[in-house]
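Structural overview for review
This is what each chain is made of:
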Amino acid sequence: CALPIYLPEALLEPLLIEFRRVLASRGVVALTMTLEKESHLDAFGRYFHFYPRDRLLERIAKAGFELHSRDERLRSKTTEPQHPAAEWTTITARKV
């Protein structure tokens, strides 16, 4: 799920809590996020919120998940010259 990058930070914790609520016991959630440090609107008016890695992992744990795996090898290209290619991470976390 890449949804969190489109939400203001105040909505991340409620989203994670809702994921936890609907997951089966020991269920797994996968979040794909950029590792950039700047939130912005793109040329199409879409909002992108970027979370520092430590804060994201803290929020995941606080919502009742344990880190299962993290893959930070993904890179993307961009069509927006003012925003360089982004580094992405996919985090999988298990409901505890």
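Residues numbered from 1 in each chain as written. Predicted model: local features only at pLDDT ≥ 70, side-chain atom pairs only at ≥ 80, totals over all residues. Heavy atoms only, no water.

1. Examining the overall build of the chain
Across its full length, the chain carries two helices and five strands. Counted from the first residue to the last, the chain has its helices and strands arranged as α-β-β-β-α-β-β. Out of the 96 residues belonging to the chain, those deemed buried represent 36%. Here the contacts in the chain between residues at least 6 apart in sequence split such that 65% fall between residues at least 24 apart. Surface accessibility of the chain: about 6000 Å² in total, with carbon and sulfur atoms responsible for 56%. (Helix = DSSP H or I, 4+ residues; strand = E, 2+ residues; numbered from the N terminus. Buried < 20%, exposed > 50% of the residue type's maximum accessible area, 1.4 Å probe, protein only. Contact = heavy atoms within 4.5 Å. Areas by Shrake-Rupley, 256 points an atom, 1.4 Å probe, with all protein chains shown as cover.)

2. What about helix α1 (residues 12–22)?
Of all the positions in α1, only Leu-12, Leu-15, Leu-16 and Phe-19 are classed as buried. Relative to the axis of α1, the buried residues are bounded by an arc of 95° and lie together on one face. (Arc of directions from axis to C-beta.)

3. Here's the deal with the packing of α1 against helix α2 (residues 53–62)
Where α1 meets α2, the closest approach of the two axes is 9 Å, and the angle between their N-to-C directions is 45°. Between α1 and α2, the crossing angle belongs to the class labelled oblique. For the pair α1 and α2, the crossing hand works out as right-handed. Contacts between α1 and α2 pair Leu-12, Glu-13 and Leu-16 from the former with Leu-56, Arg-59, Ile-60 and Lys-62 from the latter. Of the residues belonging to the contact of α1 with α2, the class tally is four nonpolar, no polar and three charged. (Axes fitted to C-alpha atoms, helices over the stretch in contact; angles between N-to-C directions. Parallel < 35°, antiparallel > 145°, perpendicular 65-115°, else oblique. Left-handed = near helix turned anticlockwise from the far one by under 90°. Nonpolar A, V, L, I, M, F, W, Y, C, P; charged D, E, K, R; others polar.)

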